[in-house]
Amino acid sequence: MGCDRNCGLIAGAVTGAILAVFGGILMPVGDLLIEKTIKKEVVLEEGTIAFKNWVKTGTEVYRQFWIFDVQNPQEVMMNSSNIKVEQKGPYTYRVRYLAKENVTQDPEDNTVSFLQPNGAIFEPSLSVGTENDNFTVLNLAVAAAAHVYQNAFVQVVLNSLIKKSKSSMFQTRSLKELLWGYTDPFLSLVPYPVTTTVGLFYPYNNTADGVYKVFNGKDNINKVAVIDTYKGKRSIYAIFESEIDLKGIPVYRFVLPPKAFASPLQNPDNHCFCTENIISKNCTSYGVLDISKCKEGRPVYISLPHFLHASPDVSEPIDGLNPNEEEHRTYLDIEPITGFTLQFAKRLQVNLLVKPSKKIEALKRLKRNYIVPIIWLNETGTIGNEKANMFRSKVTGKINLLGLIEMILLSVGVVMFVAFMILYCACRSKTIK
């Protein structure tokens, strides 16, 4: 009888040990199996679920615009006063709804390149007004002319054309004109061939953005869809901030760091954006990047909205700005297992440099340089509820279920082994006595 009891206790302990070992083995093996299954479907190649959803995204992406409406144009032109602006918006468009084009795989570096066709559909229900709303903004052509054509004689000629067209430092334009283009009266009088249509995003519809080159994830699942280069150049980077919950899915939040817009003294990688010592205070100003080389010499600067993280000298001539970290920063929420971006907010401000000019009367009374904010935008997208449910069931749910089974087997096994061994030892002790 004692033997049977002892054998039963030993059998229970052995069973517990086997369960514990099985639970321990299941951890790496199960994780490997699930990773292999997931990897098969998330790489960006023909035939996978990920590729189908990546080529033409089912997530609705919106681009919101806020316009900086100038409140004191005459004061600025006559007295070189601070420019007072009032933010108007949002005006919302649906974008990135067209399928990617020229999708080409490169097996050598496991990347895929593509073009993203441009298209924008105005969304009245998500906007504060219509595309016909008017704003007082910097005259893009007049401001750029003094910068692009610095020869004194040429500026005299341009000044006569500016006066003849009754143009000035500021202008009133509708949202539609400002974003997508209008025929400029001053440029229309220029006696040699120039583009007479001006707009912050002109041309846009029926054009394409890129070439983008992203990793397809075949060699490293964590890099899937991460941008390698844009138009042949290395893309901007983001840094990890925190882990958050997005519709029941654990994601990692990455943010654009202030260093991305730092001066070359703080971030040597930005040395190519410092093109003029006077404007940049000998390359010590920060928070704005000069992209005029990408804009045919036009003095365009980009920054975070409301000059967030910019040096005081940049924002000092502008009244009405209210930089806010939460509203104006850029972030990406990435699911760590698949590398998919499930939510993002890309925020950017477009600014134009305007300088005094002795030969152009519209700019003659200015006593300082201004980097004038024109608009800021927020391009945002979030995984929909239906796709979030599918993601949880196919990815997160399986991993959580496997983890639960692993822990149950390990915990039950350890408890059974310890409990039966204690009982066995107790029984042995009584038998010896």
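All of the points below concern the structure found in this document. (Residues numbered from 1 in each chain as written. Predicted model: local features only at pLDDT ≥ 70, side-chain atom pairs only at ≥ 80, totals over all residues. Heavy atoms only, no water.)

Turning our attention to the pairing of strand β13 (residues 239–246). Across seven bridges, β13 lies against strand β14 (residues 249–255) in antiparallel orientation. Bridging from a neighbouring strand, Glu243 pairs with Tyr252 of β14. Taking the residues between adjacent antiparallel strands as the criterion, β13 and β14 are bridged by two residues, where Lys247 takes a positive phi near 55°. (Pairing = 2+ DSSP bridges. Helix = DSSP H or I, 4+ residues; strand = E, 2+ residues; numbered from the N terminus.)

Before going further, it helps to spend a moment on the sheet that holds strand β10 (residues 208–215). Strand order in this open sheet of five strands is β3-β4-β10-β11-β12, and the pairing throughout is antiparallel. Strand pairing shows two members of the sheet lacking a second neighbour, β3 (101–106) and β12 (233–234), which therefore form its edges. Relative to strand β4 (residues 111–117), β3 runs antiparallel, the two sharing four bridges. Residue pairing across strands places Gln105 opposite Val112, the latter belonging to β4.

The next subject is the nonpolar core. Ile83, Tyr93, Leu138, Met169, Phe186, Val354 and Ile375 are the most contacted members of the largest nonpolar core, which totals 73 residues. Examining the composition of this core, we find that seven residues originate from one element, strand β20 (residues 370–382), more than from any other. Among residues more than four places away in sequence, those in contact with Ile83 are Val70, Asn72, Val76, Phe170, Pro317, Ile318, Asp319, Tyr370 and Val372. Residues Val55, Phe114, Tyr212 and Ile221 belong to the second largest nonpolar core, which totals twelve residues. (Core = buried A, V, L, I, M, F, W, Y, C linked by side-chain atoms within 4.5 Å. Buried < 20%, exposed > 50% of the residue type's maximum accessible area, 1.4 Å probe, protein only. Contact = heavy atoms within 4.5 Å.)

Looking now at the side chain of Asn72. For Asn72, the location among the structural elements is in the loop between β1 (61–70) and α3 (73–79). Residue class for Asn72 comes out buried when judged on its relative accessible area of 5%. Residues contacting Asn72, with those up to four places away along its chain left out, are Ser81, Asn82, Ile83 and Lys84.

What follows deals with the environment of Asp245. Checked against the element boundaries, Asp245 lands in strand β13. C-alpha separation for the pair Asp245 and Asp333, spaced 88 residues apart in sequence, amounts to 9.5 Å.

A few words now on the pattern of salt bridges. With the rule as written, the count across this model stands at twelve salt bridges. The partner of Arg63 in a salt bridge is Glu379, with the nearest N and O atoms 2.6 Å apart. Here the residue Arg63 occupies a position in strand β1, and Glu379 occupies one in strand β20, the gap between them amounting to 316 residues. Considered together, Arg63 and Glu379 belong to a single accessibility category, that of buried residues. Across the pair Asp69 and Lys88 runs a salt bridge, and its minimum N-O distance is 3.1 Å. With Asp69 in strand β1 and Lys88 in strand β2 (residues 83–95), the pair connects residues that are 19 residues apart, well separated along the chain. With a relative accessible area of 10%, Asp69 lands in the buried category. Since its relative accessible area comes to 26%, Lys88 is described here as partly exposed. In the salt-bridge network here, residues are joined through shared partners; they are Arg63, Arg96, Lys346 and Glu379. (Salt bridge = Lys/Arg side-chain N within 4 Å of Asp/Glu carboxyl O.)

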